[in-house]
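Geometric and topological summary
Given next are the chains, with one letter for each unit.
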Amino acid sequence: MLAYRHAFHAGNHGDVLKHWILIQVLRYMAEKAKGYMLIDTHAGAGGYSLQGRYANQKAEFENGIAKLWGYPDTLPQSIQDYVELVRHFNGGDGAQLTQYPGSPALARHLMRDVDTLHAYELHPTDERILRSFLSDQPHSHIHMSDGFGGLVRHLPPPTRRGVILMDPSYELKSDYSRVVSTVREALTKFAQAIIIVWYPIVQLVEAVQLPNRLIRAADSAPKGWLHARIQTQEADAQGFGMMGSGVMVINPPHTLEKTLRNELPFLTSILSQISKPEWVLDSRLP
């Protein structure tokens with residue numbers, strides 16, 4: 001949907017959950033010398049100002065990355081790793097939190113010369129910013145086209161190692177069905193793909209049904225799946241608003257479940273704006 005701009009939501013609790021998990025997956029992929037391919041189906045602009053009018057319209061980052069940025073005590077290791085990458089994007093130690101990196105920026109910082117990024121973005125302004133941001137990055141390809149339809153042409157990757165990140169805006173209800181059908185198609189083309197799907201927790205039938213639909217779609221995945229979700233705030237008086245979000249990881253790294261089980265409760269409590277925050281971690285692993 002071309003009216004959607006992620007800058008309104010940059011650095012919110014959904015970004016924190018999604019990017020924290022993405023970083024752990026990419027760290028794992030870099031443990032082997034052989035290169036891998038990352039396909040980001042809804043890449044956005046690459047980076048966002050937290051001082052601009054978009055981000056400050058609702059200042060969602062204040063209950064997201066800002067909660068971790070100024071945390072006075074020691075953070076769990078993987079969460080600290082995520083915060084340090086955001087700090088690097090802002091200039092390093094001593095920097096103020098003025099910018100938030102999108103998934104392409106975090107990925108490119110972690111990816112090596114042997115790794116390949118395919119970033120899809122349909123919004124012309126965000127695509128132009130993203131192209132400028134990645135123009136000098138090796139093996140980075142920007143596509144101004146539909147990421148759902150485009151990703152399968154890259155599967156399977158030449159090295160048989162690949163990660164797919166799907167996080168559409170869900171402004172269109174059809175995104176929920178397209179996520180499921182694209183997961184099925186991707187697994188048919190490349191059964192070993194690590195697929196990360198982010199989704200919002202909102203009061204829509206499509207959103208409520210999505211986790212179970214994704215679980216059924218992941219039945220054929222040889223390494224199973226992990227499903228993490230957090231609820232950190234209430235809907236507004238009219239029943240609208242994002243109460244939390246979830247991430248499904250299909251064919252997850254074997255190290256991921258332990259880290260999530262140990263650190264997800266902490267992350268949920270820090271980001272929570274309600275008295276009884278909720279977190280869930282389900283899995284089906286071989």
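A few points on the structure. (Residues numbered from 1 in each chain as written. Predicted model: local features only at pLDDT ≥ 70, side-chain atom pairs only at ≥ 80, totals over all residues. Heavy atoms only, no water.)

With that settled, consider the packing of aromatic side chains. In this structure the tally under the stated criterion is four aromatic pairs. Between Tyr170 and Trp198, the aromatic rings sit 6.2 Å apart at their centres with planes inclined by 50 degrees, giving tilted as the arrangement. One end of the pair, Tyr170, is in the loop between strand S6 (162-166) and helix H8 (174-189); the other, Trp198, is in strand S7 (residues 194-201), with 28 residues separating them in the sequence. No difference in accessibility class separates Tyr170 from Trp198, as the two residues are buried. Each residue in the set Tyr170, Tyr176 and Trp198 is aromatic and connected to the rest through ring pairs, giving one cluster. (Phe/Tyr/Trp six-rings, centres within 6.5 Å; stacked < 30°, edge-to-face > 60°. Helix = DSSP H or I, 4+ residues; strand = E, 2+ residues; numbered from the N terminus. Buried < 20%, exposed > 50% of the residue type's maximum accessible area, 1.4 Å probe, protein only.)

On to unusual backbone geometry, then. Omega for the bond connecting Leu155 with Pro156 falls within 30 degrees of zero, at -10 degrees, which places this linkage in the cis form. If you trace the backbone, Pro156 turns up in the loop between helix H7 (147-150) and S6. Despite not being glycine, His139 shows a phi value in the positive range, around 55 degrees. Of note, His139 is situated in the loop between helix H6 (124-134) and strand S5 (140-143). Phi is positive for Asn251, close to 55 degrees, though the residue is something other than glycine.

Moving on, we come to the pairing of strand S1 (residues 37-40). Neither face of S1 is exposed, since Met37 and Ile39 on one face and Leu38 and Asp40 on the opposite face are all buried. Here four bridges tie S1 to strand S4 (residues 116-120), and the two strands are oriented parallel to one another. Residue pairing in the sheet places Leu38 in a bridge with Leu117 of S4. As judged from the four bridges shared by S1 and S6, these two strands associate in the parallel manner. Bridge pairing in S6 places Asp40 opposite Leu165. (Pairing = 2+ DSSP bridges.)

Below, the discussion takes up the side chain of Asn90. Position of Asn90 relative to the elements: it lies in the loop between helix H4 (77-89) and strand S3 (99-101). The class for Asn90 is buried, based on a relative accessible area of 13%. At a separation of 2.9 Å, a polar atom in the side chain of Asn90 contacts the main-chain amide nitrogen of Thr98. If sequence neighbours within four positions are ignored, Asn90 has contacts with Trp69, Ala95, Gln96, Leu97, Thr98 and Gln99. (Polar contact = N/O pair within 3.5 Å; in protein donor to acceptor, adjacent residues only side chain to side chain. Contact = heavy atoms within 4.5 Å.)

Our next topic: the packing of helix H1 (residues 13-29) against helix H5 (residues 103-110). At a minimum axis separation of 10 Å, H1 and H5 run at an interaxial angle of 25 degrees. Taken as axis vectors, H1 and H5 run roughly parallel relative to one another. The two elements H1 and H5 cross, and the hand of that crossing is right-handed. Between H1 and H5, the contacting residues are His19, Leu22, Ile23, Leu26 and Arg27 on the first element and Ser103, Leu106, Ala107 and Leu110 on the second. Across the contact of H1 with H5, the residue classes tally to six nonpolar, two polar and one charged. (Axes fitted to C-alpha atoms, helices over the stretch in contact; angles between N-to-C directions. Parallel < 35°, antiparallel > 145°, perpendicular 65-115°, else oblique. Left-handed = near helix turned anticlockwise from the far one by under 90°. Nonpolar A, V, L, I, M, F, W, Y, C, P; charged D, E, K, R; others polar.)

Core analysis: the largest hydrophobic core is formed by 92 residues, its most contacted members being Ile21, Tyr82, Val183 and Ile195. Per-element accounting of this core gives the leading share, 10 residues, to H1. When sequence neighbours within four positions are dropped, the list of residues in contact with Tyr82 reads Val16, His19, Trp20, Ile23, Ile65, Leu68 and Tyr100. (Core = buried A, V, L, I, M, F, W, Y, C linked by side-chain atoms within 4.5 Å.)

All right, on to the pattern of salt bridges then. If you walk through the whole model with that rule in mind, you get eight salt bridges. The shortest N-O distance in the salt bridge between Asp167 and Lys18 comes to 2.6 Å. Within this pair, whereas Asp167 is found in the loop between S6 and H8, its partner Lys18 is found in helix H1, the two being separated by 149 residues in sequence. One salt bridge in this structure joins Asp81 and Arg27, with 2.8 Å as the shortest N-O distance. Within this pair, whereas Asp81 is found in helix H4, its partner Arg27 is found in helix H1, the two being separated by 54 residues in sequence. What makes Arg27 partly exposed here is its relative accessible area of 40%. (Salt bridge = Lys/Arg side-chain N within 4 Å of Asp/Glu carboxyl O.)

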